[in-house]
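Examining the three-dimensional arrangement
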Amino acid sequence: MLMTEWIDFTLSVVGGATAFLCLFEGTRRLGAYGVHRKAVLMTVLAAAVCILYGGFAYWKYADMRAMLSVAQRKPASTQQQGNWGRGLSPERKEVLSLAHARRAFMESGTLGSYVDRSGEAKSFAPTQEDLVRRERVVAYYSQAGYVARSSLVEAVLWSIMGVVAVLFGFAMSFEKVPPPASPSGEPEARPGGAHSSR
């Protein structure tokens, strides 16, 4: 499990760094030398990778948020005080009512009531095992919320870094290109300059 996480992390870092460098270099070439095939291809592919990574992170965030909103929705009470459980034995009615109250406590943490075998409504008192299970549910919701927030931050970072790479690429394209060197490795002599013939 830990090895898989490290492999995923390494692939994300390498893929992200490559995409940002290619996006930077592609936009720099477009700004410096104009539109040509290699620069356009490099820029488009790098932008597609950034959008893919950012889109996947946002999809993960939206999926987790939807799952949490459904799971944490307060369960509606299905018990009717008057005719609920008609046709059931008092023991069966108490068991089902108690199970419903326990499930409501597990899902939302609310202490509801249940109907005992005499037909009287009583407050649900969770056992130690119920409390342990509820703690596990709360811990799961907390972890899922953290994962959702991390995915949103990741999606925003991919967007920001992509924009920054493009802006830096265009900014660097305005730098002056150094003059070409002569074949001997020395700068070319300026026209009209003095030349020694020793």
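Anyway, here's the lowdown on the structure attached to this text. Here the residue numbers are simple positions, counted from 1 along each chain's written sequence. Only residues with pLDDT of at least 70 are given local features in this predicted model, and only at 80 or more are side-chain atom pairs given and counted; all residues enter the totals for whole chains, interfaces and linings. Heavy atoms throughout the structure, all of them, feed into the side-chain values; hydrogens and water do not.

**Let's talk about the pattern of salt bridges**
Salt bridge, as applied in this entry: a Lys or Arg side-chain nitrogen positioned within 4 Å of an Asp or Glu carboxyl oxygen. Under the counting rule described, the total for this entry stands at 4 salt bridges. A salt bridge links Glu25 to Arg28; its shortest N-O distance comes to 2.7 Å. Of the two residues, Glu25 and Arg28 are both situated in helix 1 (residues 2–33); the distance of 3 residues between them amounts to about one turn of the helix. Both residues of the pair, Glu25 and Arg28, count as buried. When the shortest N-O distance is used, the salt bridge between Arg133 and Glu129 registers 2.6 Å. Of this pair, Arg133 and Glu129 both sit in helix 4 (residues 128–172), 4 residues apart, roughly one helical turn. Every helix listed is a DSSP run of H or I at least four residues long, and every strand listed is a run of E at least two residues long, numbered separately from the N terminus. Type-normalised accessible area, obtained with a 1.4 Å probe on protein chains alone, sets the label of each residue: buried when under 20%, exposed when over 50%, and partly exposed for intermediate values.

**Observations regarding the packing of aromatic side chains**
Two descriptors summarise a pair of aromatic rings, namely the distance from one centre to the other and the angle between the planes of the rings. Stacked, tilted and edge-to-face are the three classes applied to pairs of Phe, Tyr and Trp rings, where Trp contributes its six-membered ring and a pair requires centres within 6.5 Å; stacked means planes under 30 degrees apart, edge-to-face means over 60, and tilted covers the rest. As enumerated under the stated definition, the model contains 6 aromatic pairs in all. For the pair Phe105 and Phe124, a centre-to-centre distance of 6.1 Å together with 50 degrees between the ring planes defines the contact as tilted. Here Phe124 lies in the loop between strand 2 (121–123) and helix 4 and Phe105 lies in helix 3 (residues 90–108), a separation of 19 residues in the sequence. The class of Phe105 is buried, set by a relative accessible area of 6%. Seen in terms of ring centroids, Tyr140 and Tyr141 are 6.0 Å apart; in terms of plane orientation they differ by 50 degrees. Their pairing is tilted. Taking relative accessible area as the criterion, Tyr140 reaches 46% and is therefore assigned partly exposed. Look at Tyr141 and you get buried, because its relative accessible area is 13%. Three or more aromatic residues joined by ring pairs form one cluster here, namely Phe20, Tyr53 and Trp158.

**Topic: the nonpolar core**
We call a set of buried residues a nonpolar core when its members are Ala, Val, Leu, Ile, Met, Phe, Trp, Tyr or Cys and they connect through side-chain atoms within 4.5 Å of each other. Counting 7 residues, the largest nonpolar core consists of Ala19, Phe20, Leu23, Ala46, Cys50, Trp158 and Ala165. For this core, the secondary-structure elements that each account for two or more residues are helix 1, helix 2 (37–71) and helix 4. The element best represented in this core is helix 1, accounting for 3 residues. Residue contacts are defined here by distance: any two heavy atoms, one from each residue, within 4.5 Å place the two residues in contact. Not counting residues within four places of it along the chain, the set of residues in contact with Trp158 comprises Gly16, Phe20, Cys50, Tyr53 and Gly54. With 5 residues, the next largest nonpolar core counts Met64, Leu68, Tyr141 and Ala148 among its residues.

**Describing the packing of helix 3 against helix 4**
At a closest axis distance of 8 Å, the pairing of helix 3 and helix 4 adopts a crossing angle of 35 degrees. Each of Arg102, Phe105, Met106, Glu107 and Ser108 in helix 3 lies in contact with helix 4, whose residues at this interface are Asp130, Leu131, Arg133, Arg134, Val137 and Tyr141. Here the contact of helix 3 with helix 4 is built from residues that sort into 5 nonpolar, 1 polar and 5 charged. Helix axes use the C-alpha atoms of the stretch in contact, all axes being lines fitted to C-alpha atoms, and the angles between their N-to-C directions lie in the range 0 to 180 degrees. As a working rule, the residues Ala, Val, Leu, Ile, Met, Phe, Trp, Tyr, Cys and Pro are called nonpolar, Asp, Glu, Lys and Arg charged, and the rest polar, with Gly in that last group.

**Details of the side chain of Ser173**
Mapped onto the secondary structure, Ser173 falls in the segment after helix 4. If we skip the residues at most four places from it in the chain, Ser173 touches Arg28, Gly31 and Ala32.

**Things to note about the packing of helix 2 against helix 4**
Running from amino to carboxyl end, helix 2 crosses helix 4 at an angle of 155 degrees, the nearest separation of the two axes being 8 Å. Judged on the interaxial angle alone, helix 4 and helix 2 are roughly antiparallel. Handedness of the helix 2/helix 4 crossing: left-handed. In this structure, helix 2 uses Cys50, Tyr53, Gly54, Ala57, Tyr58, Lys60, Tyr61, Met64, Arg65, Met67, Leu68 and Ala71 to contact helix 4, whose residues at the interface are Tyr140, Tyr141, Ala144, Gly145, Val147, Ala148, Ser151, Leu152, Glu154, Ala155 and Trp158. Taken together, the residues that form the contact of helix 2 with helix 4 break down as 17 nonpolar, 3 polar and 3 charged. Any angle from 65 to 115 degrees is called roughly perpendicular, while one under 35 is roughly parallel, one over 145 is roughly antiparallel, and all others are oblique. For a crossing to be left-handed, the near helix must be turned anticlockwise from the far one by less than a right angle; the clockwise case is right-handed.

**Some thoughts on the state of the cysteines**
Two cysteine sulfur atoms form a disulfide, by the criterion used here, when they sit within 2.5 Å. For the coordinates displayed, the defined rule picks out 0 disulfides. Of all cysteine sulfurs in the structure, the one in Cys50 sits closest to Cys22, which takes part in no disulfide; the separation is 9.5 Å. Residue Cys22 is classed as partly exposed on the basis of its relative accessible area of 28%. We classify Cys50 as buried; its relative accessible area is 7%.

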